[in-house]
Amino acid sequence: MDKFRIEGGHRLEGTLRVGGAKNAALPEMAACLLTGETIELRNLPRVRDIQTMARLLAHMSVETEGPEGEGESGRVRLRAATISHAEAPYDLVKTMRASVLVLGPLVGRTGYARVSMPGGCAIGARPIDLHLKALERLGAQITTEHGYVEARAKRLRGTRLLFDRITVTGTENVMMAATLAEGETILENAAREPEIADLARLLVAMGAKIEGASTSTIRIQGVPSLHAAEHKVIPDRIAAGTFLVAGAITGGDLLLEGVEPEHLDAVIDKLAECGVEIRREGGGLRVRGGAHAQAANVDTEEYPGFPTDMQAQYMALATQAEGTSIITETIFENRFLHASEMVRMGADISVRGNQAIVRGPTPLTGAAVIASDLRASASLVLAGLAAQGTTIVDRVYHIDRGYERIEEKLRSLGACIERFSA
Ligand code: EPU
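> Explanation requested: the pattern of salt bridges in the structure shown.
Pairs can form between side chains of opposite charge whenever their charged atoms are close. With the rule as written, the count across this model stands at 41 salt bridges. When the shortest N-O distance is used, the salt bridge between Arg77 and Glu65 registers 4.0 Å. With Arg77 in strand E5 (residues 75-79) and Glu65 in strand E4 (residues 63-68), the pair connects residues that are 12 residues apart, well separated along the chain. For the salt bridge of Glu408 with Arg405, the shortest nitrogen-to-oxygen distance reads 2.3 Å. Residue classification places Glu408 among the partly exposed positions, given a relative accessible area of 35%. Ionic contacts of the salt-bridge type, sharing partners, join the residues Asp253, Glu277, Arg279, Glu281, Arg286 and Arg288 into one network.

> I would appreciate a short explanation of the pairing of strand E17 (residues 284-288) in the present structure.
As a general feature of sheets, a regular strand has side chains that alternate between the two faces. Across the 5 residues that make up E17, a large majority, 4, are buried. Across 4 bridges, the pairing between strand E15 (residues 253-257) and E17 is antiparallel. Within the sheet, the bridge partner assigned to Leu254 lies in E17 and is Val287. By the bridge criterion, 5 bridges tie strand E16 (residues 277-281) to E17 in an arrangement that is antiparallel. Following the sheet pairing, Glu277 is matched in E17 by Arg288. Counted along the chain from E16 to the antiparallel partner E17, the turn is 2 residues long, and its residue Gly282 has a positive phi close to 50°.

> How should the site of the ligand be read in this particular structure?
Residues in close proximity to the ligand total 21 residues, the closest being Asp129, Thr167, Thr169, Asp309 and Ile331. For the ligand, an oxygen atom lies 3.3 Å from a polar atom in the side chain of Lys22. Between an oxygen atom of the ligand and a side-chain N or O atom of Thr169, the distance comes to 2.6 Å. Out of a free accessible area of 830 Å², the ligand has 89% covered by protein chains. Every element with two or more residues in the shell around the ligand is listed here: helix H1 (22-30), helix H5 (129-137), helix H6 (168-179) and helix H12 (374-386). Here the shell around the ligand takes 3 residues from H5, the largest share from any one element. Looking at the shell around the ligand residue by residue, the class counts come to 9 nonpolar, 5 polar and 7 charged. Counting residues domain by domain, the shell around the ligand receives three or more from each of domain 1 (2-15 + 235-421) and domain 2 (26-232).

> Quick question: what am I supposed to make of the layout of surface pockets here?
Over the atoms a probe the size of a water molecule is rolled, and this reveals where empty space is left. Within this model, the second largest pocket holds a volume of roughly 290 Å³. Together, 21 residues line the second largest pocket, and Ala248, Ile249, Thr250, Gly251 and Gln320 are the ones closest to its centre. Mapped onto the lining of the second largest pocket, the elements with two or more residues apiece are helix H8 (237-249) and H12. Broken down by class, the residue content of the lining of the second largest pocket amounts to 10 nonpolar, 9 polar and 2 charged.

> Just to check I follow, could you spell out the sheet that holds strand E21 (residues 355-360) for this structure?
What holds strands together in a sheet is hydrogen bonding between their backbones, with the strands either parallel or antiparallel. In spatial order, the strands read E18-E19-E21-E20; together these 4 strands make up an open sheet with mixed pairing. One side of each edge strand has no neighbouring strand; the edge strands of this open sheet are strand E18 (298-299) and strand E20 (348-352). Both strand E19 (residues 323-328) and E21 contribute to a ladder of 6 bridges, which runs antiparallel. Bridge pairing in E21 links Thr324 to Arg359. Against the sheet, helix H10 (residues 311-318) engages E18, E19, E20 and E21, with an angle of about 170° to E19.

> Can you walk me through the side chain of Arg237 in this structure?
In this structure, Arg237 sits in helix H8. On the basis of relative accessibility, which here comes to 11%, the residue Arg237 falls in the buried class.

Rules of the game
Position labels on residues start from 1 in each chain and follow its written sequence. Local features are withheld for residues below a pLDDT of 70 in this predicted model, meaning they are given only at 70 or higher, and side-chain atom pairs are given and counted only at 80 or more; totals for whole chains, interfaces and linings count all residues. With hydrogens and water excluded, all non-hydrogen atoms of the structure serve as input to the side-chain values. Only one rule defines a salt bridge in this text: a Lys or Arg side-chain nitrogen within 4 Å of an Asp or Glu carboxyl oxygen. Strands here mean DSSP runs of E at least two residues long; helices mean DSSP runs of H or I at least four residues long; both are numbered from the N terminus. Only protein chains enter the accessibility calculation, which uses a 1.4 Å probe; a residue whose area is less than 20% of its type maximum is buried, one above 50% is exposed, and one in between is partly exposed. Criterion used throughout: strands pair if DSSP finds at least two bridges between them. Any residue with at least one heavy atom within 4 Å of a molecule or strand is counted as near it. Think of a polar contact as two N or O atoms within 3.5 Å of one another; within protein, one of them needs to be a possible hydrogen donor and the other a possible acceptor, and neighboring residues in sequence only count if both atoms come from side chains. To be clear on the numbers: accessible area is Shrake-Rupley with a 1.4 Å probe, and residue cover counts the displayed protein chains and nothing else. All amino acids are sorted into three groups, where Ala, Val, Leu, Ile, Met, Phe, Trp, Tyr, Cys and Pro are nonpolar, Asp, Glu, Lys and Arg are charged, and the leftover types, Gly among them, are polar. Residue ranges assigned to each domain were obtained from an automatic or database domain assignment. Both cavities and pockets are sets of points on a 1 Å grid over the protein atoms alone; in a cavity a 1.4 Å probe fits but cannot get out, in a pocket the set is open with protein on both sides within 12 Å along at least five of seven lines, and lining residues sit with an atom within 4 Å of a point. Grid points are joined across faces, edges and corners, and a volume is the space filled by probe spheres set on the points. Should any heavy atoms of two residues lie within 4.5 Å, those residues are counted as being in contact. Only C-alpha atoms enter the line fits that serve as axes; for helices the fit covers just the stretch in contact. Angles between N-to-C directions range over 0 to 180 degrees.

So, in structure tokens, the structure goes:
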């Protein structure tokens, strides 16, 4: 199993290009199931979850070319001329929950889908009841047996739907299904994440009729069929945010290129409140970390609020900030597993329910730590960059799910980090 060895205490400096967004690319790959024609995605990140989605699509006999290349030349071509098994099997769903994104497109196009129920994961129970309830409202018959969900429908029928709670992949699944439904679907209390607007851009390029993606009311006029399209995936705002923290926590000076600064407003505002200098420069973002950051409280929220996917990385910075930061996690019920690992490195963090109280600054010292999920592993790498001595991060397969060769990128900026197998 791969691990990272990090020698902390090196200031990061230089320019970095941020890759495409995993959480936009995953639903966009699933969207290929809505048509028999070719979908080409560019700026595709070279991360494990993308390979898993490609395997899942290949299992259904989607013709795939790629994923290949990386950075801006990362691309995949997908053609779902026929779908042999409209099924997401347990083996793939258990390694990647986002496999559930094939449910909406499959039932929308073929009238049948069988998807293994995703179980809970390290960060929470993460049910898919809202996806299922919405598909039922569109006329699908849903049954759950032997750990699988089956959805059947002759043709889905548009209707007005209200999500009881905001769900990102739920909004994406239903938006995709509704593109081929009969009549109009109105999604209320829809998620507003930039990844949803990006998916809608692809769907519109495929011939779908969608209005309001990026607002909480999305209107979709069903069409009989969709067609080929090419699409460039938006930059990964969470990877960008992670590198902003890397610059801040090492007192560094980084220029991030290929980012979409508006997608990072909440993160930039919070880091600015901590005293981190961030400014737009030539279409990118420059971050300069100086003296100790100041503590600031954070509540995670749905977009446009502070993202739960940046909470762990922010906690690493808070351990180095002057004063007490109260971090409140409102999206997932168990997303503080990184806190106890940071405590082993010398941080002063107490967790009470959905709040973590971080008192800083405390000097961190390198230690052996275990990554529990994707963003937690990124936060431990950040803590390792700021720590004195050697940090060993175990289970870095989590980080490979969503960050493109992070150790090479950090090394190019002056970090002392290497991957090894043990
Ligand atoms: N929820 C339900 N029922 C549902 C769906 C969601 O109760 O049917 C609850 C969840 O348990 C959670 C909350 O609603 O408490 C929000 O979950 P959401 O459905 O929005 O999360 P998701 O769609 O499963 C996506 C991202 C996550 C990100 C969350 C929140 C993808 C592939 N995943 O997950 O990304 O944390 O939205 O922004 O887009 C990551 O990249 O590390 C990651 C975990």
